[in-house]
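Structure at a glance
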Amino acid sequence: MSIEVHIAGRGRVREGDETVDTDQGAHCSLCGKDTDVVVSLTPDGTGSFGCRDCLRARLEATTVAAYLLQESKGLPWGKISG
Ligand SMILES: [Zn+2]
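Quick look at the structure, then. Small disclaimer: the values here were computed from a predicted structure and weren't measured.

**Observations regarding the sheet that holds strand β5 (residues 49-51)**
With respect to topology, five strands assemble into an open sheet ordered β3-β2-β1-β4-β5, the strand pairing being antiparallel. Single-partner strands in this sheet number two, and they are β3 (17-20) and β5. The average angle at which neighbouring strand axes cross in this sheet is 20 degrees, direction not considered. Here strand β1 (residues 4-7) pairs with strand β4 (residues 37-40) via three bridges, running antiparallel. Note that in β4 the partner of H6 across the bridge is V38. Most of the contacts of helix α1 (residues 52-68) go to β5, to which it runs at about 85 degrees, and overall it touches β4 and β5.

**Let's talk about the nonpolar core**
Core analysis: the largest hydrophobic core is formed by six residues, namely A26, C28, V38, F49, C51 and C54. Every residue in contact with C51, bar those within four places of it in the chain, is listed here: C28, C31, K33, T35 and V38.

**Observations regarding the pairing of strand β2 (residues 11-14)**
Here four bridges tie β1 to β2, and the two strands are oriented antiparallel to one another. By the bridge assignment for β2, V5 is matched with V13. Following β1, the chain reverses through three residues before pairing antiparallel with β2; G9 in that reversal takes a positive phi of roughly 80 degrees. Direction of pairing for β2 relative to β3: antiparallel, over a ladder of four bridges. Opposite V13, over in β3, you have E18 as the bridge partner. The antiparallel hairpin formed by β2 and β3 contains two residues in its connecting segment, where E15 sits at a positive phi of about 50 degrees.

Rules of the game
- Residues numbered from 1 in each chain as written.
- Predicted model: local features only at pLDDT ≥ 70, side-chain atom pairs only at ≥ 80, totals over all residues.
- Pairing = 2+ DSSP bridges.
- Helix = DSSP H or I, 4+ residues; strand = E, 2+ residues; numbered from the N terminus.
- Axes fitted to C-alpha atoms, helices over the stretch in contact; angles between N-to-C directions.
- Contact = placed C-beta atoms within 7 Å.
- Core = buried A, V, L, I, M, F, W, Y, C linked by C-beta atoms within 7 Å.
- Buried ≥ 20, exposed ≤ 12 C-beta atoms within 10 Å, placed from the backbone.

Right, here's the structure in full:
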(Lines give C-alpha, C1' and ligand atoms only; values in the text may rest on other atoms or scores of the structure.)
Protein backbone atom coordinates (compact mmCIF):
# COMPACT_ATOMS: atom_id res chain seq x y z
CA MET A 1 0.00 0.00 0.00
CA SER A 2 1.31 3.39 -1.01
CA ILE A 3 0.49 6.50 1.00
CA GLU A 4 0.81 9.95 -0.49
CA VAL A 5 0.39 13.19 1.44
CA HIS A 6 -0.25 16.56 -0.20
CA ILE A 7 0.56 19.74 1.70
CA ALA A 8 -0.87 22.87 0.14
CA GLY A 9 1.71 25.33 -1.11
CA ARG A 10 4.63 23.08 -0.13
CA GLY A 11 4.53 19.81 -2.03
CA ARG A 12 3.90 16.12 -1.54
CA VAL A 13 5.46 13.09 0.12
CA ARG A 14 5.03 9.57 -1.17
CA GLU A 15 6.56 6.69 0.75
CA GLY A 16 9.07 9.02 2.35
CA ASP A 17 10.06 10.64 -0.96
CA GLU A 18 9.42 14.36 -0.91
CA THR A 19 8.60 16.53 -3.89
CA VAL A 20 8.75 20.28 -3.31
CA ASP A 21 5.98 21.99 -5.28
CA THR A 22 4.70 25.39 -4.24
CA ASP A 23 1.76 24.94 -6.64
CA GLN A 24 0.63 21.82 -4.77
CA GLY A 25 -2.99 21.89 -3.67
CA ALA A 26 -4.68 19.81 -0.97
CA HIS A 27 -8.19 19.02 -2.12
CA CYS A 28 -10.32 16.62 -0.08
CA SER A 29 -12.37 14.20 -2.17
CA LEU A 30 -14.71 13.54 0.77
CA CYS A 31 -15.86 17.03 1.81
CA GLY A 32 -14.80 18.80 -1.37
CA LYS A 33 -12.81 21.46 0.46
CA ASP A 34 -9.35 22.78 -0.32
CA THR A 35 -7.48 22.36 2.94
CA ASP A 36 -3.91 22.44 4.29
CA VAL A 37 -3.15 18.73 4.10
CA VAL A 38 -4.74 15.61 2.60
CA VAL A 39 -3.71 11.96 2.43
CA SER A 40 -4.41 9.36 -0.23
CA LEU A 41 -7.36 7.03 0.29
CA THR A 42 -6.61 4.41 -2.34
CA PRO A 43 -4.11 1.52 -2.11
CA ASP A 44 -1.95 2.87 -4.93
CA GLY A 45 -1.76 6.37 -3.46
CA THR A 46 -3.52 8.10 -6.33
CA GLY A 47 -7.05 9.29 -7.04
CA SER A 48 -8.99 10.14 -3.90
CA PHE A 49 -7.57 12.11 -1.00
CA GLY A 50 -9.04 12.88 2.42
CA CYS A 51 -8.46 15.72 4.89
CA ARG A 52 -7.80 15.36 8.61
CA ASP A 53 -11.34 16.37 9.62
CA CYS A 54 -12.91 13.76 7.33
CA LEU A 55 -10.51 11.02 8.46
CA ARG A 56 -11.05 11.94 12.12
CA ALA A 57 -14.83 11.77 11.64
CA ARG A 58 -14.53 8.33 10.08
CA LEU A 59 -12.24 7.10 12.83
CA GLU A 60 -14.77 8.30 15.41
CA ALA A 61 -17.53 6.54 13.48
CA THR A 62 -15.68 3.23 13.84
CA THR A 63 -15.43 3.77 17.59
CA VAL A 64 -19.13 4.59 17.85
CA ALA A 65 -20.10 1.62 15.66
CA ALA A 66 -17.96 -0.76 17.70
CA TYR A 67 -19.62 0.57 20.85
CA LEU A 68 -23.13 0.27 19.45
CA LEU A 69 -22.54 -3.26 18.21
CA GLN A 70 -20.56 -4.59 21.14
CA GLU A 71 -21.65 -8.05 22.27
CA SER A 72 -22.47 -7.14 25.85
CA LYS A 73 -24.97 -4.50 24.76
CA GLY A 74 -28.29 -5.98 23.73
CA LEU A 75 -28.85 -9.20 21.91
CA PRO A 76 -26.87 -10.31 18.88
CA TRP A 77 -28.65 -10.26 15.56
CA GLY A 78 -30.91 -13.26 15.01
CA LYS A 79 -31.27 -14.26 18.63
CA ILE A 80 -34.72 -14.40 20.17
CA SER A 81 -35.14 -13.32 23.78
CA GLY A 82 -36.75 -15.60 26.39
ZN1 LIG B 1 -12.50 16.49 3.99
